Amino acid sequence: MDDWKIELGKKALEAGMLKDPQWLDRLDEPMPLWVLLELAFNLMEKLDPPSISYD
């Protein structure tokens, strides 16, 4: 496996994007669609969090 993939996987693990360290051994495997969707929704919530009324 390429070094850049391992480094990217480690960054994802540190950032909490990967929750299972065993994924570092499987970075060349296809990703299920639900994983991609979960990442996309998490990113959307961080960039544009739901507004909370203070009334």
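One can find the structure itself at the top, above this paragraph.
Residues numbered from 1 in each chain as written. Predicted model: local features only at pLDDT ≥ 70, side-chain atom pairs only at ≥ 80, totals over all residues. Heavy atoms only, no water.

Enquirer: So what about the environment of Leu-47? Which residues, and what values?
Expert: One can find Leu-47 in helix H2 (residues 33-47). Leu-47 sits in the exposed class, given a relative accessible area of 68%. For the pair Leu-47 and Gly-16, spaced 31 residues apart in sequence, the C-alpha to C-alpha distance is 16 Å. (Helix = DSSP H or I, 4+ residues; strand = E, 2+ residues; numbered from the N terminus. Buried < 20%, exposed > 50% of the residue type's maximum accessible area, 1.4 Å probe, protein only.)

Enquirer: Tell me about the layout of surface pockets, and name the residues and values.
Expert: Taken as a whole, the largest pocket encloses approximately 690 Å³ of empty space. Along the walls of the largest pocket sit 25 residues, with Ala-12, Met-17, Leu-18, Met-31 and Leu-39 positioned nearest its centre. It is H2 that contributes the most residues to the lining of the largest pocket, seven residues altogether. In terms of residue class, the lining of the largest pocket is built from 14 nonpolar, three polar and eight charged. (1 Å grid on protein atoms, 1.4 Å probe; cavity = no way out; pocket = protein on both sides within 12 Å on 5 of 7 lines; lining within 4 Å. Points joined across faces, edges and corners; volume = space filled by probe spheres on them. Nonpolar A, V, L, I, M, F, W, Y, C, P; charged D, E, K, R; others polar.)

Enquirer: So what's going on with the packing of aromatic side chains? Which residues, and what values?
Expert: On inspection of all chains with the given rule, the structure shows zero aromatic pairs. If you follow Arg-26 out to its NZ or CZ, it ends over the ring of Trp-23, 4.2 Å from the centre. (Phe/Tyr/Trp six-rings, centres within 6.5 Å; stacked < 30°, edge-to-face > 60°. Lys NZ or Arg CZ within 6 Å of the ring centre and 35° of its normal.)

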